[in-house]
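Secondary and tertiary structure notes
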Amino acid sequence: MEIMATAPTLTLENIRQMIVGIDKKVPLYDGRHVQYINFDNAASTPILKPVLDKINEFMGWYSSVHRGTGFKSQISTLMHEKSREIVARFVNVDLEEHTIIFGKNATEAINKLAHRILLQPDQVILCSKMEHHSNDLPWRTRTRVVHVDIDDKGRLIEEDLIANLEKYRGRVALFAITGASNVTGWVNDVHRLAEICHGYGVQIMVDAAQWVPHRKVDMRPQDDPGHIDFLAFSAHKIYAPLGAGVLIGDKSAFGQGEPDMVGGGTVHIVSLDHTYWADVPEKEEAGSPNTVGIVALAKALLVMEELGMDNIAAHEAHLTTYMLRRMKEIPQASIYGGDDPYDVENRMGVVSFNVEGLPHELVAAILNHEGGIGVRNGCFCAHPYIKCLLRVSEEDARLLEENILKRDRTTIPGAVRASFGIYNTEEEIDVFIDVLKRIARREWKGEYQQDFHTGEYHLKGYNPDYGNYFRL
Ligand SMILES: Cc1ncc(COP(=O)(O)O)c(C=O)c1O
């Protein structure tokens, strides 16, 4: 009798078996090896096994897309276009009206929109003080950017959005806002913000890099006042780190003007003195696309659909509550944003904190060397936001700029960030809290030295042979 192996049903209960590298052990300061704890998911997530398996399977059929005539090219082209349909369904848009433009990440997607948006000379763009640089700097390259204010916990002040929409009435080209903060985890009510903006005839662009991984996203039909006009996100934050990103928007927004990048694939026809641009999305996807990354992105969305975005949100809310409850056992730790364990509905599993009297770089280094825990520290590409949250004075900010320009990074303000994914557990949080308690009691074991140029702390005498772990 032939017995067929069936793939296990995907659930959050068995998700750890589906995370590639979950069993990897990493070295500690004393040579012992422990299982790695990855609390840096807001930066990048590991790859899901079903995504990797699908990509391995696809590689057997992979070939040139769009202009190849061979059978493999046809399959690759079909999968490339099928991926658009999967993205469209995931965010609930109609491909008759919307276009899905693939690129390499959220940053590239936002830059593209910033370069493609048609602006009158006196128009402004609104964004907020809680943005990642990727949703702030691209707009500054085009026109004057006005930053909507935040409150002392780092939440957007809606009244200030309205005040700015009033102040610049008729002159606001777009409101660019994050779906969720990569520093405090605050989730913005983007549909309410969209209704407000649309009431003023202003479109809204949501940076969904931190939103798509954790919440059900619905851009809503265009006749809904709460619809989202543009959305951008990255695959490497949704368990598919193969270098793809997406920009979604109304087709008409890309109809006029030249693409920001031109070349192969972007045209209907070219003569020596003129060019007729192709229709979207081809017009906006210059050069050979990253079809492998795009298929990985689409497969990751399918897996997340199967797991259920509400289940993902509930699991991560549970972890956040547990983390915030346990952080209360460490009075020396102060959290930026919200620290109420029972107020987690409007925040994600991102916890940024400092330990009284200790540099953030040192705390992060000890978590790594003495706990095998990967976190992130610093300003998280959100300098204006961090300066507000840490109450850095104008004078200190100016001194800091001087130091950095002298390549002295020893005084950079910042925080330590622990961020969760679908596969993290309470047990991992317990290990983290134990190490953090030792740090707060100044009971770490190693001797650490700060690097003047990077600001990072290094464990004295630590010189592992990385080649024992991975070689090219
Ligand atoms: C809120 C937010 N926006 C944008 C980005 C940029 O994403 P990427 O680096 O994938 O382009 C990030 C990355 O951390 C982010 O957290």
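Rules used in this analysis
- Residues numbered from 1 in each chain as written.
- Predicted model: local features only at pLDDT ≥ 70, side-chain atom pairs only at ≥ 80, totals over all residues.
- Near = placed C-beta within 6 Å.
- Nonpolar A, V, L, I, M, F, W, Y, C, P; charged D, E, K, R; others polar.
- Domains from an automatic or database assignment.
- Contact = placed C-beta atoms within 7 Å.
- Helix = DSSP H or I, 4+ residues; strand = E, 2+ residues; numbered from the N terminus.
- Core = buried A, V, L, I, M, F, W, Y, C linked by C-beta atoms within 7 Å.
- Buried ≥ 20, exposed ≤ 12 C-beta atoms within 10 Å, placed from the backbone.
- Pairing = 2+ DSSP bridges.
- Axes fitted to C-alpha atoms, helices over the stretch in contact; angles between N-to-C directions.
- Parallel < 35°, antiparallel > 145°, perpendicular 65-115°, else oblique.
- Left-handed = near helix turned anticlockwise from the far one by under 90°.

Time to look at the site of the ligand. The full set close to the ligand counts 14 residues, and Asn105, Thr107, His132, Asn182 and Ser234 are the nearest of them. Residues of the shell around the ligand, tallied by class, amount to three nonpolar, ten polar and one charged.

What follows concerns the domain arrangement of the protein chain. In terms of domain boundaries, the protein chain breaks down into domain 1 (15–38 + 308–468) and domain 2 (52–306). The interface is formed by 23 residues belonging to domain 1 together with 22 residues belonging to domain 2. Among the elements of the structure, α8 (309–327), β14 (350–355) and α10 (383–389) are those that each provide at least two residues to the side of domain 1 that touches domain 2. Tallied by class, residues from the side of domain 1 that touches domain 2 come to 15 nonpolar, five polar and three charged.

A word on the nonpolar core. Core analysis: the biggest nonpolar cluster contains 115 residues, and Phe175, Leu231, Ala232 and Ala300 have the highest contact counts within it. Among the elements that take part in this core, helix α7 (residues 291–307) stands out by supplying nine residues, more than any other. Shared between two domains, this core holds at least three residues of each, these being domain 1 (15–38 + 308–468) and domain 2 (52–306).

What follows covers the pairing of strand β4 (residues 98–103). Of all six residues in β4, six are buried; the element is thus mostly enclosed. Neither face of β4 is exposed, since His98, Ile100 and Phe102 on one face and Thr99, Ile101 and Gly103 on the opposite face are all buried. Of the strand pairs in this sheet, β4 and strand β10 (residues 245–250) are connected by six bridges, and their pairing is antiparallel. When the sheet's bridge partners are listed, phenylalanine 102 is paired in β10 with valine 246.

Geometrically, a packed helix pair is captured by the angle between its two axes and the distance between the axes. Their axes nearest at 10 Å, the elements helix α9 (residues 360–371) and helix α12 (residues 426–440) cross at an angle of 120°. Compared by their axis directions, α9 and α12 come out oblique. Taken as a pair, α9 and α12 cross one another with a handedness that is right-handed. Where α9 abuts α12, its residues Val363, Ile366, Leu367, Glu370 and Gly371 lie against Val431, Phe432, Val435 and Ile439. Among the residues making up the contact of α9 with α12, the classes are represented as seven nonpolar, one polar and one charged.

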